[in-house]
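# Descriptive structure summary
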Amino acid sequence: MNNHRFNGSLITHLVCSKCNTFFDHQVVQTFATCCNVPLSAAYDLRNQSIKEIIANDYSMWRYRFALPILDSSNIVSLNEGYTPITELRKLSEQLSNSAIFLKDESVNPTGSFKARGLSMGVSKAKELGIKRMVIPTAGNAGGAMSAYCAKAGIEATVVMPKHTADTLKDECRLYGANLIQMDGLIDACGKKAREIAASTGAFDMSTMKEPYRLEGKKTLGYEIAEQFNWVLPDIIVYPAGGGTGLIGIWKAFKELISMGAIKGLLPKMVLVQSDECSPMVHLFKDGQLPINYSPKPSAALGLAVPYPFATAMMLEVLKESNGIALTVTEEEMEMGVEAIAKIEGVLLSPEGAATYKATQKLFELGWIKNTDKVLLVNTGSWYKYR
Ligand SMILES: *Cc1c(COP(=O)(O)O)cnc(C)c1O
């Protein structure tokens with residue numbers, strides 16, 4: 001039935017996210033060396049009909065026309081993406097709101113939405129002939145990279161903070177990765193990963209330091225649009241660490257606009273972080289980090305990124321979308337997990353619970369209105385944090 005469907009990629013080049021210098025997409029790239037900022041993939045989507053170009057595939061690879069894999073045989077997939085959106089009816093009632101929805105990424109392979117980025121990144125590595133990869137991680141990205149590298153037959157090294165829960169370490173070992181543990185947060189792991197990349201020639205998969213993971217995370221935005229039948233919600237609440245999800249969702253919406261696939265206003269994007277580590281909230285509010293900035297670990301592992309690389313791109317999304325950035329406390333996240341479990345029968349990751357508590361706060365402030373359609377993103381599985 002779908003024999004005649006287009007099955008390739010419409011990628012044209014990579015581009016510096018600051019000065020628009022072009023980079024070749026057919027060779028291994030890292031970041032935009034001209035401006036020391038992330039690279040972004042560009043596609044020729046003109047005159048394409050979204051409904052006709054979606055692949056006959058029930059994973060994130062249904063949007064492969066807007067992903068950078070040139071030959072589909074290089075795709076390394078464990079069926080990531082195509083995750084459900086459900087309405088949180090009781091929560092909507094509690095907040096007297098028209099509709100609050102949950103995009104549940106906990107059902108992805110390896111239990112978090114990191115699967116999207118790493119399926120993409122490892123597939124591209126395979127296509128480019130990369131044999132070894134290294135990744136600094138707060139936990140979930142390391143597990144995801146290990147799993148996809150196992151499937152692709154690529155050697156994986158994962159650098160993780162020592163304080164991380166055993167589940168997250170054990171899964172890397174089970175997938176056959178080399179695990180290195182460091183004191184401190186993900187920035188210390190990033191430094192170690194750079195050393196390993198320099199001394200072994202391994203490809204460094206650090207968040208936003210390569211252009212491919214973002215493209216995988218972008219499929220979240222395509223799915224959200226398709227699941228809402230191409231009419232987007234008013235507000236999307238996202239727990240940000242390195243920012244690939246936030247930037248990716250927004251990139252997807254812009255690509256969909258360029259194809260004429262979505263209409264109406266774009267959602268306001270809400271960026272949530274933990275009180276313990278909230279560089280983006282500081283940058284959003286004050287334009288700089290405080291003098292006594294002292295980031296600490298958070299139960300929400302994915303949010304403990306003290307010095308993200310893509311700060312300018314995240315701030316741009318908040319500005320363009322009329323969005324906002326705010327923090328929640330560790331206690332609030334813990335209470336949030338319990339509250340949603342009791343009324344909705346869903347276990348959120350601490351990061352997911354952060355989006356719920358942030359939503360509650362924004363209602364109290366009147367920033368979210370009762371008529372707004374709100375989408376929360378539960379980025380990972382509660383079960384991984386034991
Ligand atoms: C990595 C991670 C985040 C943050 O995602 P970014 O794309 O780095 O902003 C949020 N939640 C979970 C569960 C994560 O693993």
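Because the structure is predicted, anything quoted here is derived from the model rather than measured.

It is worth spelling out the overall build of the chain at this point. What the chain contains, in helices and strands, is 12 helices and 13 strands. For the chain, the C-alpha radius of gyration of 19 Å lies close to 21 Å, the compact-globule estimate for 386 residues. With the C-alpha coordinates of the chain rotated into their principal frame, the extents come out at 55 × 50 × 40 Å. Long-range contacts, defined here as pairs at least 24 residues apart, represent 69% of the contacts in the chain between residues at least 6 apart. Summing over all exposed atoms, the chain offers an accessible surface of approximately 15600 Å²; the carbon and sulfur share of this is 51%. Side chains of the chain give 40 positive and 39 negative charges; the mean places of these two sets differ by 3 Å.

Of all 5 residues in strand β12 (residues 324–328), 5 are buried, a share of seventy percent or more. Burial of the side chains of β12 extends over both faces: Ile324, Leu326 and Val328 are buried on one face and Ala325 and Thr327 on the other.

What follows concerns the pattern of salt bridges. Within the structure shown, the criterion is met by 19 salt bridges. Measuring nitrogen to oxygen at the nearest pair gives 3.0 Å for the salt bridge that ties Lys251 to Glu215. Linking Lys251 in helix α8 (residues 244–258) with Glu215 in helix α7 (residues 213–227), this pair joins segments that are 36 residues apart in sequence. Taken individually, Lys251 and Glu215 each receive the classification buried, so the pair is uniform in this respect.

For helix α11 (residues 330–344), with 15 residues, the first-to-last C-alpha span of 21 Å sits near the 21 Å given by 1.5 Å per residue. As for α11, its buried residues are in contact with α2 (89–94), β11 (268–274), β12 and α12 (350–364). Gly345 sits one or two residues past α11 and shows a positive phi near 70°.

Counting buried residues along strand β10 (residues 235–239), 5 of its 5 residues qualify, which places the element largely inside the surrounding structure. One ladder, built from 5 bridges, connects β10 with β11; its direction is parallel. Following the sheet pairing, Tyr238 is matched in β11 by Leu271. Read from β10 through α8 to β11, the crossover connection turns out right-handed. Judged from the 3 bridges that link them, β10 and strand β13 (residues 373–378) form a sheet pairing that is parallel. Bridged to Ile236 within β13 is Leu375.

Right, let's talk about the sheet that holds strand β3 (residues 39–43) for a bit. Strands sit in the order β2-β1-β3 across an open sheet of 3 strands; the sheet is antiparallel. Of all the strands in the sheet, just β2 (22–23) and β3 have a single pairing partner and so form its edges. Sheet analysis places strand β1 (residues 11–16) next to β2, joined by 2 bridges and oriented antiparallel. Directly across from Val15, in β2, lies its bridge partner Phe22.

We now examine helix α9 (residues 279–286). Considered for burial, the residues of α9 that qualify are Pro279, Met280, Val281 and Leu283. Looking at the residues trailing α9, positive phi occurs at Gly287, about 75°.

A surface patch of negative charge is lined by Asp275, Glu331, Glu334 and Glu338. In this structure, Glu331 sits in helix α11.

Here we come to the nonpolar core. A general tendency of soluble globular proteins is for nonpolar side chains to be buried together. With 55 residues, the main nonpolar core has Ile50, Phe65 and Tyr222 as its most contacted residues. The greatest single-element share of this core, amounting to 7 residues, is contributed by α8. In contact with Phe65, other than residues within four places in its own chain, are Phe6, Gly8, Ser9, Leu10, Tyr43, Leu45, Ile50, Ile53, Tyr222 and Met259.

On to the packing of aromatic side chains. Scanning the model with the defined rule gives 10 aromatic pairs in all. Summarising the aromatic geometry, the rings of Phe31 and Phe309 are spaced 5.6 Å apart at their centres and angled 75° between planes, so their arrangement reads as edge-to-face. Here Phe31, found in the loop between β2 and β3, pairs with Phe309, found in the loop between α9 and α10 (311–320); they are 278 residues apart in sequence, far enough to count as distant. Between the aromatic rings of Phe65 and Tyr222, the centroid separation amounts to 5.9 Å while the plane-to-plane angle is 85°, which identifies the pairing as edge-to-face. Residue Phe65 is found in the loop between α1 (50–53) and β4 (85–87), and its partner Tyr222 is found in helix α7; the two are separated by 157 residues along the sequence. Tyr222 shares its class with Phe65; the two are buried. Every member of this aromatic cluster is reached through a ring pair, and the members are Tyr63, Phe65 and Tyr222.

Before going further, it helps to examine the side chain of Glu344. With respect to the helices, strands and loops of the structure, Glu344 is situated in helix α11. In terms of polar contacts, Glu344 uses its side chain to reach the backbone amide nitrogen of Leu91, at 2.9 Å. Not counting chain neighbours up to four residues away, the residues in contact with Glu344 comprise Leu88, Arg89, Lys90 and Leu91.

Analysis parameters
- Residues numbered from 1 in each chain as written.
- Predicted model: local features only at pLDDT ≥ 70, side-chain atom pairs only at ≥ 80, totals over all residues.
- Heavy atoms only, no water.
- Helix = DSSP H or I, 4+ residues; strand = E, 2+ residues; numbered from the N terminus.
- Rg over C-alpha atoms; globule rule 2.2 N^0.38 Å.
- Contact = heavy atoms within 4.5 Å.
- Areas by Shrake-Rupley, 256 points an atom, 1.4 Å probe, with all protein chains shown as cover.
- Lys, Arg positive; Asp, Glu negative; His and termini not counted.
- Charge placed at Lys NZ, Arg CZ, Asp CG, Glu CD.
- Buried < 20%, exposed > 50% of the residue type's maximum accessible area, 1.4 Å probe, protein only.
- Salt bridge = Lys/Arg side-chain N within 4 Å of Asp/Glu carboxyl O.
- Expected span 1.5 Å × (residues − 1).
- Pairing = 2+ DSSP bridges.
- Right-handed = clockwise from strand over helix to strand, strands pointing away.
- Patch = residues over 30% accessible without salt bridge, like charges linked within 9 Å, V, L, I, M, F, W, Y side chains within 5 Å.
- Core = buried A, V, L, I, M, F, W, Y, C linked by side-chain atoms within 4.5 Å.
- Phe/Tyr/Trp six-rings, centres within 6.5 Å; stacked < 30°, edge-to-face > 60°.
- Polar contact = N/O pair within 3.5 Å; in protein donor to acceptor, adjacent residues only side chain to side chain.

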